[in-house]
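# Chain and residue survey
As a plain string of letters, each chain reads:
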Amino acid sequence: MPKTIHCCSTQPALTPSAGHASLQGEKTNLSFEIYKLEDRSGGSHFVNSEPHQHNSFELIWVLEGGGHYWVDNEQHEAAPNEVYCLTPGQLHMFKPNKNIKGYVITFSHEFLLMPKENAGLIFHSNSSHQLSGSTVISLSEEVRTEMEDLVIKMLKEFDNFFLLRSEILRGLLNIFMIYLTRQYRPVTVPPARQGNKALVNKFFSTVEKKYMVYKLVAEYADELAVTPNHLNEMVKKVSGFPASHHIRQRVVLEAKRQATYSGSSMKEIAYSLGFDDIAHFSKFFKNFSGRSFTDYKKEAMQQFLCI
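## Brief notes about the packing of helix 6 (residues 197-210) against helix 7 (residues 217-224)
For any two helices packed against each other, the geometry comes down to the angle between their axes and how far apart the axes lie. Between helix 6 and helix 7, the shortest axis-to-axis distance is 10 Å and the interhelical angle comes to 120°. Taken together, the axes of helix 6 and helix 7 lie oblique to each other. Of the two elements, helix 6 crosses helix 7, and the hand of that crossing is right-handed. Facing Leu199, Lys202, Phe203, Thr206, Val207 and Lys210 of helix 6, the residues of helix 7 in contact are Tyr220, Glu223 and Leu224. Residues belonging to the contact of helix 6 with helix 7 are distributed by class as follows: 5 nonpolar, 1 polar and 3 charged.

Take a look at the structure:
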């Protein structure tokens, strides 16, 4: 049976009693949520057996136990003391073991009030040119206790309606994110490849919004008011690859997502990505993914169904 993509909102679909309906509404209006992995009623959207998306950032912290974790085209074995970091729009699915314990935190960009240029937080320090997959951070025992204290405080604030509740939650989350970023070990980019970060960040942001429409470097260059050569040069200095590479790979990623998680045909996927000629799409996919669309879909579906 083909799998269907489910797009979820920032908040999980809880099923509170009638007496708590208004409470749930107030909670979800925060664009922030936190709950325990072992609380299946609260985490039904996360332990969904179908791949799904969120409009939010999501942190999944496994304390005990494990399970199979699938994000985009990567499969992981979830392990204790690991935090999985997801950005908005990533397709994911989690099948936990019965004895799993941990936490899930979801929040919007607006809730955290993250400056776009802030490279100190985990989602900004590594996501500029990481268009797929998830960031997995292993926590040391030394920092685990301090971070769990913060999570426990967030749980308490989230479940109550004390004065300045959202401000306290935002502050605790910011501190938690700083601890998390300290545990992250990114690949160091040499100073010679730093380039124009502001321009490059705008480029990747535009790619994420326009990849179904724009396929040429010149189109992105026009949008950013620079020349195609300058854009290619700046992007290559920062990421190691020219702008054209990232444009193509973003299209390939979406094609892979749809091939794996939806029941769409190659024709439907090609049209959704702006290709009028199916033969052109087929050639494009093979050239930039290394295999034919048919072979990829067959292998991806077999792996997915075996999870």
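From this point on, the discussion continues.
## With respect to the sheet that holds strand 9 (residues 101-107)
Strand order in this open sheet of 5 strands is 2-9-4-7-10, and the pairing throughout is antiparallel. In the strand order of this sheet, the two ends are held by strand 2 (32-36) and strand 10 (135-138), each with one partner. Each strand of the sheet is rotated relative to its neighbour by a mean of 15°, with strand direction disregarded. The sheet contact formed by strand 4 (residues 57-64) and strand 7 (residues 82-86) spans 5 bridges and is antiparallel. Note on strand 7: the bridge partner recorded for Trp61 is Val83. Contacting strand 2, strand 4 and strand 9, helix 4 (residues 141-158) runs over the sheet at an angle of about 115° to strand 2.

## A word on unusual backbone geometry
One non-glycine residue with positive phi stands out, namely Leu164, at about 60°. Of note, Leu164 is situated in the loop between helix 4 and helix 5 (165-183).

How each quantity is defined
Residues numbered from 1 in each chain as written. Predicted model: local features only at pLDDT ≥ 70, side-chain atom pairs only at ≥ 80, totals over all residues. Heavy atoms only, no water. Axes fitted to C-alpha atoms, helices over the stretch in contact; angles between N-to-C directions. Helix = DSSP H or I, 4+ residues; strand = E, 2+ residues; numbered from the N terminus. Parallel < 35°, antiparallel > 145°, perpendicular 65-115°, else oblique. Left-handed = near helix turned anticlockwise from the far one by under 90°. Contact = heavy atoms within 4.5 Å. Nonpolar A, V, L, I, M, F, W, Y, C, P; charged D, E, K, R; others polar. Pairing = 2+ DSSP bridges.

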